[in-house]
Amino acid sequence: MSLFISLTLNGEARDVSIDDPRVTLLDLLRERLALPGTKKGCDRGQCGACTVLVNGRRANACLMLAAGLDGAQITTIEGLARGEDLHPVQAAFIEHDGFQCGYCTPGQIMSAVGLIAEGDAGSDPERIREGMSGNICRCGAYHGITLAVQEASRRMAAKEEGDAA
Amino acid sequence: MKHFDYVQPKTMDEALASWEPGASWLGGGTNLVDLMKLGVTQPQRVIDLTRIPDLGEITFQQDGSVRIGAMVSNAALARHAGFAQHFPMVAEALLSGASGQLRNMATVAGNLMQRTRCAYFQEETAACNRRTPGAGCDARDSDEELRALLGASPACVATNPSDFCVPLAALEAQVEVRGVNGTREIPFADFHLLPGDQPERETALEEGELIIALHLSAAAAGFARHARYLKVRDRTSFAFATTAAAAALRMEDGIITEGRLALGAVAARPWRVAEAEALLVGHAPDAALFGRAAEAAMAGAEAPAHLEWKIDLARRTAARALAMAAVGTPARMPALPASPFGQQNGDLAHV
């Protein structure tokens, strides 16, 4: 079997051949499209290390069959920054020490971007913690992560208001 | 993962025609793909339903009932303003399940079809009648906490792990299914089967049938002011229920005129007992009354000695859910949906 899918990957149109229906989006990104920023942790949807945005919504790439994604828009950690300008969530993670070893960080950041877009956590730390519960950090950097998401959420909301004014 | 044949039909007719014994329907894949990786499920063919038109709509009818398309995601349903307003405990149950990522992927039909989380079902080397008919049941004499207290059989003690299904049972949802012979509706209470001596038969779906929608009536929306879901679990978030309860009341002048109570994680389907609900009618909310209703709901519960605490926990969960419902549905979804630690209106409470 060989199946062709078209993706918009980090803003760029890509035609991809899938030679085996068992290939997940995670393996497609890491092994075939040279985008290893998305991490494989549990490979079972439990740790969140593989979080990417699919059509603007956060999802576990390890549980998605790539064959089903024709036409999808995928954003990975590699697609967040604009050149040297970090995404506000990336910048806030650095400012607030939102990581230690860094392995879960791409997933944490993509999940935070998705959570902020969902719009109902705001800057309430309890809602942020609950909204981020699909991302496990073995180093236990949760305090910094919560502060980073709070800060990024505030800045992005302020910028939106500024842009609207 | 075993190799399989992947098809992505573009119409319902094409989907139904592509069914063959040993195939699996694919929605969000959050349970199926995981079980395929573990080798617990080995479909010959995977039929991806995500490209069939019209399965992703939430439609309120003139009469106030709602039809929820099979491929609506858990997140989309829980965040749909009109839906959450009319069926708040369904939204609360949805938001208490899984993680933000999984809720974006998982579908409402897939939620009804999710398999038990019994560790012995997921462990290939363990004996499990549900996975391999006739193999035996290693869970029966184990310390597995996700164990049925009601409706179990010598062949199987598995529980249904769904949060979503618990309020759906309490609110008497209807499941609309389609097969080559047409469309039919299955009352929610009849959808999930108790194990008996055929635990591998899990739902009322016939070979080749699939869920196309769920229906909730306008009458079910009548409970919106006093409806809560409560879930007790090993950690505050992103864990399956140890015990859970959906409680909904209609109140007039401080008196309960109708009550609904369904328990989760205690049987192979959400557990609802008419006698327990009848006890509530005509009384003012009261801790002793809720205790009696919870007792009636758990009548006949059985557990091995080392898991008897789960019977007590289920009773207390039910009584507390009723008390929370009596207080009233919070104006805003709690920060920790369905949590015993969350206070109303999202106050910081558990740390």
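Cut-offs applied
- Residues numbered from 1 in each chain as written.
- Chains lettered and ligands numbered in written order.
- Predicted model: local features only at pLDDT ≥ 70, side-chain atom pairs only at ≥ 80, totals over all residues.
- Heavy atoms only, no water.
- Pairing = 2+ DSSP bridges.
- Helix = DSSP H or I, 4+ residues; strand = E, 2+ residues; numbered from the N terminus.
- Axes fitted to C-alpha atoms, helices over the stretch in contact; angles between N-to-C directions.
- Disulfide = S-S within 2.5 Å.
- Buried < 20%, exposed > 50% of the residue type's maximum accessible area, 1.4 Å probe, protein only.
- Phe/Tyr/Trp six-rings, centres within 6.5 Å; stacked < 30°, edge-to-face > 60°.
- Lys NZ or Arg CZ within 6 Å of the ring centre and 35° of its normal.
- Domains from an automatic or database assignment.
- Contact = heavy atoms within 4.5 Å.
- Buried area = accessible area lost by both parts, 1.4 Å probe.
- Salt bridge = Lys/Arg side-chain N within 4 Å of Asp/Glu carboxyl O.
- Polar contact = N/O pair within 3.5 Å; in protein donor to acceptor, adjacent residues only side chain to side chain.
- Nonpolar A, V, L, I, M, F, W, Y, C, P; charged D, E, K, R; others polar.
- Parallel < 35°, antiparallel > 145°, perpendicular 65-115°, else oblique.
- Left-handed = near helix turned anticlockwise from the far one by under 90°.

Here we come to the sheet that holds strand β5 (residues 66–69) of chain B. Two orientations exist for strands paired in a sheet by backbone hydrogen bonds: parallel and antiparallel. Residues and elements named next belong to chain B. Taking strand neighbours across the sheet as the criterion, the five strands line up as β4-β5-β8-β6-β7 in an open arrangement whose pairing is antiparallel. Each end of this open sheet is capped by a strand with a single partner; those strands are β4 (58–60) and β7 (182–187). When strand polarity is set aside, the average angle formed by the axes of neighbouring strands in this sheet is 20°. Where strand β6 (residues 174–179) and β7 come together, six bridges link them in antiparallel fashion. Residue pairing across strands places V177 opposite R184, the latter belonging to β7.

Residues and elements named next belong to chain B. Under the defined criterion, the tally for this structure stands at zero disulfides over all chains. With no disulfide of its own, C128 lies 6.3 Å from the sulfur of C156, the closest cysteine sulfur. On the basis of relative accessible area, C128 is assigned to the buried category, the value being 10%.

Before going further, it helps to spend a moment on the packing of aromatic side chains. We describe a pair of aromatic rings using the distance from one ring centre to the other and the angle between the two ring planes. Residues and elements named next belong to chain B. As enumerated under the stated definition, the model contains two aromatic pairs over all chains in all. Between the aromatic rings of W19 and W25, the centroid separation amounts to 4.7 Å while the plane-to-plane angle is 35°, which identifies the pairing as tilted. Take W19: its relative accessible area is 22%, and that puts it in the partly exposed class. Residue W25 is classed as buried on the basis of its relative accessible area, which comes to 19%. Of note, R250 hangs over the ring of F223, and the distance from its end group to the ring centre comes to 4.5 Å.

Residues and elements named next belong to chain A. Taken in spatial order, the five strands of this open sheet run β2-β1-β5-β3-β4, and their pairing is mixed. At either end of the open sheet lies a strand with only one pairing partner, and these are β2 (12–18) and β4 (57–60). Pairs of neighbouring strands in the sheet enclose a mean axial angle of 40°, with direction left out of account. Sheet topology note: the strand β1 (residues 3–9)/strand β5 (residues 73–75) ladder contains two bridges and is parallel. By the bridge assignment for β5, L9 is matched with I74.

To continue, consider the domain arrangement of chain A. All names here are of chain A. Taken as a whole, chain A is organised into domain 1 (3–79) and domain 2 (88–164). In this assembly, 15 residues from domain 1 lie in contact with 15 residues from domain 2. Here domain 1 packs against domain 2, burying approximately 1200 Å² in sum over the two surfaces, 57% of which is carbon and sulfur. Applying the counting rule to domain 1 against domain 2 returns one salt bridge. The partner of R58 in a salt bridge is E118, and the shortest N-O contact between them spans 2.8 Å. Between domain 1 and domain 2 we count seven residue pairs in polar contact (both at pLDDT 80 or more) in total. When residues in the side of domain 1 that touches domain 2 are grouped by element, the largest group, three residues, is from strand β3 (residues 51–54). Of the residues belonging to the side of domain 1 that touches domain 2, the class tally is five nonpolar, seven polar and three charged.

This brings us to the pattern of salt bridges. The full count for this structure, using the stated rule, is 29 salt bridges over all chains. Notably, a salt bridge pairs R44(A) with D34(B), separated by 2.7 Å at the nearest N-O pair. Taken together, the residues R44(A) in the loop between α1 (25–32) and β3 and D34(B) in helix α2 (residues 32–38) connect one chain to another. The class of R44(A) is partly exposed, set by a relative accessible area of 24%. The residue R130(B) makes a salt bridge to E202(B) at a minimum N-O spacing of 3.7 Å. In this pair, R130(B) sits in the loop between α8 (119–122) and α9 (165–170) while E202(B) sits in the loop between α10 (188–191) and β8 (210–216), placing the two residues 72 residues apart along the sequence. On the basis of relative accessibility, which here comes to 15%, the residue E202(B) falls in the buried class. Connected through salt bridges with shared partners, the residues E172(B), R250(B), E258(B), R260(B), R272(B) and E277(B) form a single ionic network.

Further remarks concern the packing of helix α3 (residues 105–118) of chain A against helix α5 (residues 142–164) of chain A. How two helices pack is summed up by the angle between their axes together with the distance between the axes. Residues and elements named next belong to chain A. Between α3 and α5, the least distance of the axes is 11 Å, while the angle of their chain directions is 40°. With respect to each other, α3 and α5 are oriented oblique. Considering the relative orientation of α3 and α5, their crossing is right-handed. Along its contact with α3, which presents Q108, A112, L115 and I116, the element α5 presents I145, V149, A152, S153 and M156. Of the residues that constitute the contact of α3 with α5, the class distribution is seven nonpolar, two polar and no charged.

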